[in-house]
Amino acid sequence: MLSCMGRSTITGWLTASGDQFKDWSAAYRLFKGDRMDVAGIFGVIRRKVVALADPAQRYVFAHMDDTLLRKKGRNVFGARWLRDALGPPFRTNLVFGQRFIQLSLSCFSKMGPVQARAIPVDLHHCPSVKKPGKAAGEQDWQLFRETQKKAKLSVIGAQRIRLLRENLDQDGFTDKELVVSVDGSYTNEAVLKKTPRQYHPDRQNPERL
């Protein structure tokens, strides 16, 4: 995988390892479906990043935003035409891909004016809800509207923040306060009212951000 010089795909990995003329079935079955514990993999990274900081540091700095992974296959689950955030401001470009929410933690050893590298610790797929067809009934449209509310990026973003706070507590970092930076699309009621309340040491309040 590290020696792959082209696109980092399964085909590219097989070619880089000299297995392009062998049967590919086993390699594709390995990456098919939910065969890997992604949460467990990110959990190891999360614990290592927090542990690298100064033990006296009371804050954990996280950054959350949505991102696109470009795809070419028209049968890829959750892929559709989306606005390219990296396009020029004077023209809206569309790209075919999947939508994800990513959370990263700042990795630094001390507080102050230092450079920090953002290490991803969470990547959650957020596919858009498909609209019902022309022959759909009122019940189908009602289900679509309810599902669409739950699939909003702001709603899912609030869930990922709460999950990160819970994971930090389970990792033994209950004394760390979580500071999350987001852009304007997440500074709304759906996020601010669904995240844990601010922690005050002088109060008997187990909930905190």
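The rules behind the values
- The residue numbering used here restarts from 1 in each chain and proceeds along that chain's sequence as written.
- The predicted origin of the model limits local features to residues at a pLDDT of at least 70 and limits the giving and counting of side-chain atom pairs to 80 or more, whereas totals for whole chains, interfaces and linings rest on all residues.
- In computing side-chain properties, one takes all heavy atoms of the structure into account and sets aside hydrogens as well as water.
- Strands here are runs of E lasting at least two residues and helices are runs of H or I lasting at least four, both read from the DSSP assignment and numbered beginning at the N terminus.
- Burial here depends on accessible area, computed with a 1.4 Å probe over protein chains only, as a share of the maximum for the residue type. Under 20% is buried, over 50% is exposed, and the range in between is partly exposed.
- Two residues qualify as a contact provided that any one of their heavy atoms is within 4.5 Å of a heavy atom in the partner residue.
- A pair of aromatic rings is counted whenever rings of Phe, Tyr or Trp (Trp by its six-membered ring) have centres within 6.5 Å, and the orientation is called stacked for planes under 30 degrees apart, edge-to-face for over 60 and tilted otherwise.
- For a Lys NZ or an Arg CZ to count as sitting over a ring, it must be within 6 Å of the ring centre and within 35 degrees of the ring normal.
- The pairing criterion is simple: DSSP has to find at least two bridges between the two strands.
- Nonpolar side chains (Val, Leu, Ile, Met, Phe, Trp, Tyr) are joined into patches within 5 Å and like charges within 9 Å, using only residues with over 30% relative accessible area and no salt bridge.
- Where accessible areas are quoted, they stem from the Shrake-Rupley method and a 1.4 Å probe; at the residue level, only the protein chains shown are allowed to cover.
- For this document, the term salt bridge refers to a Lys or Arg side-chain nitrogen within 4 Å of an Asp or Glu carboxyl oxygen.
- Take the buried Ala, Val, Leu, Ile, Met, Phe, Trp, Tyr and Cys residues and link them wherever side-chain atoms come within 4.5 Å; each set so joined is a nonpolar core.

Caption draft 1: Up close: the overall build of the chain. What the chain contains, in helices and strands, is six helices and five strands. Of the regular secondary structure in the chain, the N- to C-terminal order runs α-α-α-β-β-β-β-α-α-β-α. The principal-axis extent of the C-alpha atoms belonging to the chain is close to 60 × 55 × 40 Å. Within the chain, the proportion of its 209 residues that are buried is 29%. Long-range contacts, defined as pairs at least 24 residues apart, comprise 58% of the intrachain contacts of the chain with a sequence gap of at least 6.

Caption draft 2: Examining the packing of aromatic side chains more closely. A complete count under the given rule lists four aromatic pairs for this structure. Arranged with centres 6.2 Å apart and planes meeting at 20°, the rings of W24 and Y28 form a pair that is stacked. Seen from their ring centres, Y59 and F61 are 6.0 Å apart, and the 40° between their planes marks the pair as tilted. Directly above the ring of F96 sits R74, whose terminal nitrogen or CZ lies 4.2 Å from the centroid.

Caption draft 3: Inspection of the pairing of strand β1 (residues 59–70) at higher detail. Note that β1 and strand β5 (residues 177–181) share five bridges and pair parallel. By the bridge assignment for β5, F61 is matched with V179.

Caption draft 4: Quick peek at the pairing of strand β3 (residues 94–107). Most of β3 sits out of view: 11 of its 14 residues are buried. As paired strands, strand β2 (residues 80–83) and β3 are joined by four bridges and run antiparallel to one another. Paired with W81 across the bridge in β3 is F96. As judged from the eight bridges shared by β3 and strand β4 (residues 117–125), these two strands associate in the antiparallel manner.

Caption draft 5: Representation of the environment of V180. Mapped onto the fold, V180 is located in strand β5. On a C-alpha basis, the gap between V180 and R46 in space is 15 Å, while along the polypeptide they are 134 residues apart. Residue contacts for V180: discarding those within four places in its chain leaves A62, M64 and I161.

Caption draft 6: View of a nonpolar patch on the surface. Taken together, L30, F31, M36, V38 and I41 make up a surface patch of nonpolar side chains, about 450 Å² in accessible area. Topologically, F31 is positioned in the loop between α2 (25–30) and α3 (38–52).

Caption draft 7: View of the nonpolar core. Counting residues in hydrophobic clusters, the biggest one holds 19 residues, and the most contacted among them are I101, L105, L164 and L168. Counting residues per element, the ones that place at least two in this core are α3, β1, β3 and α5 (153–170). Among the elements that take part in this core, α5 stands out by supplying five residues, more than any other. Sequence-distant contacts of I101, that is, excluding residues within four places in its chain, are made with M64, D65, D66, D122, L123, H124, C126, L153, I156, G157, R160 and Y186. Core analysis: the next-biggest nonpolar cluster, separate from the first, contains five residues, C4, I10, L14 and A27 among them.

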